[in-house]
Structures are given as structure tokens and as C-alpha cells.
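# A structural walkthrough
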Amino acid sequence: MSVIAVTGSASGIGAAVCELLANQGHTIIGIDRQTDEKFTQVSTDLSSPQGRNAAIEHVKALAKGQLSGLVCCAGVGVTAPDAALITSVNFFGVTELVEGLKSDLYQNDNPAVVVIGSVAATAQLAGPHAMVDAMLGGDETQTRQLAQSANAPQISYAASKYAVTCWARQQAAAEGNKGLRINVVAPGAVETPLHQASKEDPRFGEAVKKFVAPVGRAGQPAEIAATVGFLISEQASFITGSVLFVDGGMDAMVRAKYF
Ligand code: NAI
């Protein structure tokens, strides 16, 4: 079994991913700004370059050359304190970590990365916001300025998830011949503290509550973790650059004429 690093390990989907992978016999290195005694060994803030660099160095030291998987779950939703923070955590908190740990992943057989995107990313398909280009250009300062001037957390959120999905697919295409697989899981509503906070938010709560998937319920973190467990495993050896919606049919409902 191998060593797998998981961001967002202290709560929700990330905690469920840690539980599943640990039960399969993998060694887990959890990364989170919150502390918890179960899986989180790297306590850091992924919203800043310093926090990301600290995470990269700490993971390298703990993995001792054995890292073969990285699952990026850490993220903030529309209730985050400001719209720029959403882009820093959800995009740069993923891309810089993957970049920083890539050389370690390549030291092991069958390395794989799974990024948690969102069904919300598809809101950007018709006309991506300018901050998407800034993110894909790697310019965090410009991204944050654009996010601050738009001052719309729901746009920052959708743009960050759209950009990180595009970035993961670009990486999959670029790294495929070297053996690194990168896939995205795009959840719909999942019962976690992040989702609960969205439901309670005076600006977005009503819309979130009314947006129910065809299966008639929100998902459980373990249902997302099961998909992540498959994508990180060798059973998914021919899958890279894919976006797997795990959303109770939400995307099919919203984009019934497209795929
Ligand atoms: P959660 O709030 O339960 O867990 C998120 C974790 O990320 C927390 O432990 C938090 O401390 C950590 N985190 C946040 N900002 C951080 C930072 N700056 N540095 C380090 N750690 C940080 O939320 P949930 O729902 O488990 O979210 C996991 C991922 O799933 C997120 O990327 C979210 O956008 C995505 N997602 C969630 C959906 C939902 O309905 N719950 C739907 C679609 C996507």
C-alpha cells in the first residue's frame, strides 16, 4: 500500500476520503488549517503561498519518497469571508500543491491525483469570468483583484472550480505520457459543514435548498469518497483528464442537451 496526501482532511469529503483510504491500508498524510487528531498531520493555511510551501515541505518530509497519491479536497464555499479567498484556496491551493509535489509523485509507481471540483463549475461554461484566465495564467494577484471587484462569491466559486477543472485536464494531457493520472470529481450537494453553511446563508440559502438533485436528496461524504477511492486506484489505470459528476443527476438535469 502507498502514501497518499489529502487536503481538507479535517472535515466533510476530505475526512471521508481519509477514512476510506486508511481502511484500504494506505498511509494518509492529512493537510488542513483545522486540527484534528485522526488524520491531519500538516496544519497549514492553503490560502497563502507561504502556507502552501510549508505544506509541500512538510508532506515531503513525512512521505520520505513514498508519496504516490494526492487528493485535493480543501475548499471554501460561498459563505467564505471574502470572494478573493475562494479563488486562493480553491484554485491556487490545488495547483501549487500539485506542482510542488509532482516530483515526489513521480518517484513512485502509478501516481495519481484527484481534485474535487464542483457541479457549480458548469455555470461558467457559457461565458467564463475574466478571473478564469487570470487563474489559468497563474496570476494570483490579478485573480484576487478581479474577485474583489466582482465581489460575488458565487461567481468566484464557480470560476475557481471551472478553472481548476480546466487546469487538471491540461495537466492530464501534458503529464499523461510520463504516467501521472489527474482526474476531477465534481460533486453536487453533499451534506457537510460547507453545504450546511450555504443553506443557512441569508443570500444563498433559499436557492441552495430548492436546488435538489433528481435522486431527491443530497449526497453523503462517503459517496464522494468511494469515487475518489476508485480514481486513485489502479482499477482506474486508463482514466485521466476525466471529470466525473457525482451529483445525484444534477448536471444531467441542468444540462440535459449537452455533455
Ligand atoms: P468542509 O467545510 O466540510 O471541508 C473543507 C475542509 O477544507 C475543512 O476541513 C477546512 O478546514 C479545509 N480548508 C478550507 N480552507 C482551507 C485553507 N485555507 N487551508 C487549509 N484547509 C482549508 O467542506 P466539504 O463540503 O467537505 O468540501 C470539500 C470540497 O468539496 C471543497 O473543495 C468543496 O468546494 C467541494 N464541494 C462540496 C460540495 C458540497 O455540497 N459539500 C459540493 C461540490 C463541491
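Further up the page is the structure itself.
These lines cover the structure that appears in this document, whether it is placed above or below. None of the values given here were measured: they were computed from a predicted structure.

Before going further, it helps to examine the packing of aromatic side chains. Within this structure, the stated rule accounts for 1 aromatic pair. With centroids separated by 4.9 Å and ring planes inclined at 80°, the aromatic side chains of F91 and F92 adopt a geometry described as edge-to-face. We note that F91, like F92, is buried.

Look at helix 3 (residues 83-105) against helix 5 (residues 140-150): their axes get within 8 Å of each other, and the N-to-C directions meet at 150°. If you check the angle between helix 3 and helix 5, you find them roughly antiparallel. Along this stretch, helix 3 crosses helix 5, giving a crossing that reads as right-handed. Across the interface between the two elements, A83, A84, L85, T87, S88, F92 and E96 from helix 3 touch E140, T143, R144, A147 and Q148 from helix 5. Across the contact of helix 3 with helix 5, the residue classes break down as 5 nonpolar, 4 polar and 3 charged.

With that settled, consider the pattern of salt bridges. In this structure the tally under the stated criterion is 11 salt bridges. Measuring nitrogen to oxygen at the nearest pair gives 3.0 Å for the salt bridge that ties K38 to E19. With K38 in the loop between strand 2 (27-32) and strand 3 (40-43) and E19 in helix 1 (residues 12-23), this residue pair connects regions lying 19 residues apart in the sequence. Take E19: its relative accessible area is 31%, and that puts it in the partly exposed class. With a shortest N-O distance of 2.8 Å, R203 and D201 are connected by a salt bridge. Salt bridges sharing partners connect three or more residues here, namely E99, K102, E175 and K178.

Time to look at the pairing of strand 2. Burial within strand 2 is extensive, with 5 of its 6 residues counted as buried. The pairing of strand 1 (residues 3-7) with strand 2 spans 5 bridges and is classified as parallel. By the bridge assignment for strand 2, A5 is matched with I29. Crossover connection from strand 1 via helix 1 to parallel strand 2: handedness right-handed. Alignment of strand 2 against strand 3, held across 3 bridges, turns out to be parallel. In the sheet register, I31 faces strand 3, and the bridge partner there is V42.

Here we take up the site of the ligand. As a matter of local geometry, the ligand sits amid 30 residues, with S11, I13, D32, Y157 and T192 nearest to it. Coverage of the ligand by the protein chains reaches 96% of its 820 Å² of free accessible surface. Elements represented by at least two residues in the shell around the ligand include exactly helix 1, helix 6 (153-175) and helix 7 (193-200). Split by residue class, the shell around the ligand holds 14 nonpolar, 12 polar and 4 charged.

This brings us to the layout of surface pockets. Estimated volume of the second largest pocket: approximately 240 Å³. Together, 13 residues line the second largest pocket, and S2, S68, D109, N110 and E234 are the ones closest to its centre.

Quick notes on the rules
- Residues numbered from 1 in each chain as written.
- Predicted model: local features only at pLDDT ≥ 70, side-chain atom pairs only at ≥ 80, totals over all residues.
- Heavy atoms only, no water.
- Phe/Tyr/Trp six-rings, centres within 6.5 Å; stacked < 30°, edge-to-face > 60°.
- Buried < 20%, exposed > 50% of the residue type's maximum accessible area, 1.4 Å probe, protein only.
- Axes fitted to C-alpha atoms, helices over the stretch in contact; angles between N-to-C directions.
- Helix = DSSP H or I, 4+ residues; strand = E, 2+ residues; numbered from the N terminus.
- Parallel < 35°, antiparallel > 145°, perpendicular 65-115°, else oblique.
- Left-handed = near helix turned anticlockwise from the far one by under 90°.
- Contact = heavy atoms within 4.5 Å.
- Nonpolar A, V, L, I, M, F, W, Y, C, P; charged D, E, K, R; others polar.
- Salt bridge = Lys/Arg side-chain N within 4 Å of Asp/Glu carboxyl O.
- Pairing = 2+ DSSP bridges.
- Right-handed = clockwise from strand over helix to strand, strands pointing away.
- Near = heavy atom within 4 Å.
- Areas by Shrake-Rupley, 256 points an atom, 1.4 Å probe, with all protein chains shown as cover.
- 1 Å grid on protein atoms, 1.4 Å probe; cavity = no way out; pocket = protein on both sides within 12 Å on 5 of 7 lines; lining within 4 Å.
- Points joined across faces, edges and corners; volume = space filled by probe spheres on them.

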